[in-house]
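Structural characterization, general
Take a look at the letters that make up each chain.
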Amino acid sequence: MPQPAAREIAPAKGRLGVLLVGLGAVSTTFIAGVENVRRGRALPIGSLTQMSTIRLGKRPEKRAPKIKDFAPLAALQDLVFAAWDPIPDDAYTAAKKAGVLDPHHLEPVADFLKSITPMPAAFDQNYVKRLHGTNLKRGKNKRELAEQLREDIRGFKTTAGCDRLVMVWCASTEVFITPGPAHQSLAAFEKAMEQNDPAIAPSMLYAWAALMEGVPFANGAPNLTVDVPALEKLAEERHLPIGGKDFKTGQTMMKTVLSPAFKARMLGVAGWYSTNILGNRDGEVLDDPESFKTKEESKLGVLEYILQPEMYPELYGNVFHKVRINYYPPRGDNKEGWDNIDIFGWLGYPMQIKVDFLCRDSILAAPLVLDLALLFDLAHRAGLSGIQEWLSFYFKSPQVATGLYPEHDLFIQHTKLKNTLRWMMGEEQITHLGIEYYEKV
Ligand SMILES: NC(=O)c1ccc[n+]([C@@H]2O[C@H](COP(=O)([O-])OP(=O)(O)OC[C@H]3O[C@@H](n4cnc5c(N)ncnc54)[C@H](O)[C@@H]3O)[C@@H](O)[C@H]2O)c1
């Protein structure tokens, strides 16, 4: 079979600036982690781009380079960071307050972390009720705030000497918003910014500013943000990758691993009760019912899509699915997520599965931020624009083209990601057919 043509990909020369919205637990764990890895003090565990191999060609060829040696990704040494936050703490102070990393990962990189101070945020407490910020931008309307964000982006690019930029939303979960008239076209969106329309959340100002400045945008929270026609169109017009929503880390990651297994074996599901306790600032923000609603929508969708009750009404037509998050300060960032799953098998006999995941939220999220920054930059250099569905692997609530349903199964997402890399690099797709090893012609 002739080799498929590789896509033209601009080289990863110079520095890649990573613009982080929010300098809280996830962002500081990410930055401090990258710096520890760069200094050879720790391993980037959990990062597919840094740790995973990718199989190429037929199994007997034994070609399996690391992804970072296969695709032309930016090197960790070339990453530089900037952030916005309404809380003025530098990255060192914020990391200490977040309480995720131990002193032996913070103290050696303390000077580096102290050098990262947050730029004033485009923040509005109406969208994150439990936060009180002081490091804020001022302007007579939302458009002015967004224009100030654009200036920040340009200023950082020049002062840090960046060749390219990517933006990742790692800020708090905003209150629930549904798409409305202000989100349908760029003209309506810009007018709404000028009129201070409540339909325009702060996260949308960052997304708009990023796209106007030619910067790819990834959304790590469940907010609507860039998941609206106006910004999708803007991204396509400007040939910029966008994607979201909501990092898929703990309980939902497990859900998108377990539920495909039940479906693969045609085992029924009667109910799935998920509850969490967490005590970080994210937990506090999610204690507000309006922010929780945004998170709940993001968490609830996965079972519906994976189990396909309309196709298997006897097995999944009546699943009782509940998700709870309880703010419980003593645990800090160390979340505990319990799942009780009521399944049924042959002739309808019931069984139960209990999952108790004592996880660390930001330890799971930080490598996702790294991969998203590197892969969105790669997508941009490879000329991919609009929604990057091949990166659904990283998201709880993946953005997809209109008319498509999202793929939630973690292993299908994983295959799709690797096959997209193979396609970009002109390597054959791996279908797992493998009949040629057995059929002698
Ligand atoms: N850690 C995980 O496993 C995980 C998984 C999925 C999603 N998330 C999401 O990632 C986000 C970050 O999580 P975290 O644990 O770092 O939370 P955090 O509360 O520690 O940090 C968020 C930061 O964002 C800042 N912020 C709020 N609004 C802002 C704005 N308009 N502009 C700039 N900064 C703003 C806050 O001041 C805060 O410092 C949350 O939305 C969370 O729901 C986290």
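As a reminder, the structure under discussion sits directly above these lines.
Report follows, based on the coordinates.

Cut-off values and rules
- Residues numbered from 1 in each chain as written.
- Predicted model: local features only at pLDDT ≥ 70, side-chain atom pairs only at ≥ 80, totals over all residues.
- Heavy atoms only, no water.
- Helix = DSSP H or I, 4+ residues; strand = E, 2+ residues; numbered from the N terminus.
- Contact = heavy atoms within 4.5 Å.
- Areas by Shrake-Rupley, 256 points an atom, 1.4 Å probe, with all protein chains shown as cover.
- Pairing = 2+ DSSP bridges.
- Axes fitted to C-alpha atoms, helices over the stretch in contact; angles between N-to-C directions.
- Disulfide = S-S within 2.5 Å.
- Parallel < 35°, antiparallel > 145°, perpendicular 65-115°, else oblique.
- Nonpolar A, V, L, I, M, F, W, Y, C, P; charged D, E, K, R; others polar.

Along its length, the chain carries 16 helices and 10 strands. The principal-axis extents of the C-alpha atoms in the chain amount to approximately 65 × 50 × 50 Å. Restricting the contact set of the chain to residue pairs at least 6 apart, pairs at least 24 apart contribute 75%. Working note: accessible area of the chain is about 19500 Å², and carbon and sulfur atoms make up 55% of it.

Attention shifts here to the sheet that holds strand β5 (residues 241-243). Overall, parallel pairing links the 6 strands, which are arranged β2-β1-β3-β4-β5-β10 in an open sheet. Each edge of the open sheet carries a strand with a single partner, namely β2 (79-84) and β10 (386-387). Pairing between β5 and β10: 2 bridges, direction parallel. In the strand pairing of β10, Ile242 is matched with Ile387. Packed on one face of the sheet, helix α1 (residues 25-38) meets β1 (15-21) and β2 and runs near 160° to β2.

Glancing now at the state of the cysteines. Applying the stated criterion across every chain, the model contains 0 disulfides. The structure places no disulfide on Cys359, whose sulfur is separated from the nearest cysteine sulfur, that of Cys170, by 17 Å.

So, on to the packing of helix α7 (residues 142-159) against helix α8 (residues 186-194). The geometry of α7 relative to α8 is characterised by a closest axis approach of 5 Å and an angle of 105° between their N-to-C directions. One element, α7, and the other, α8, form an angle in the roughly perpendicular class. The segment α7 lies against α8, with Lys142, Arg143 and Ala146 engaging Glu190, Met193 and Glu194. Classifying every residue of the contact of α7 with α8 by side-chain character gives 2 nonpolar, no polar and 4 charged.

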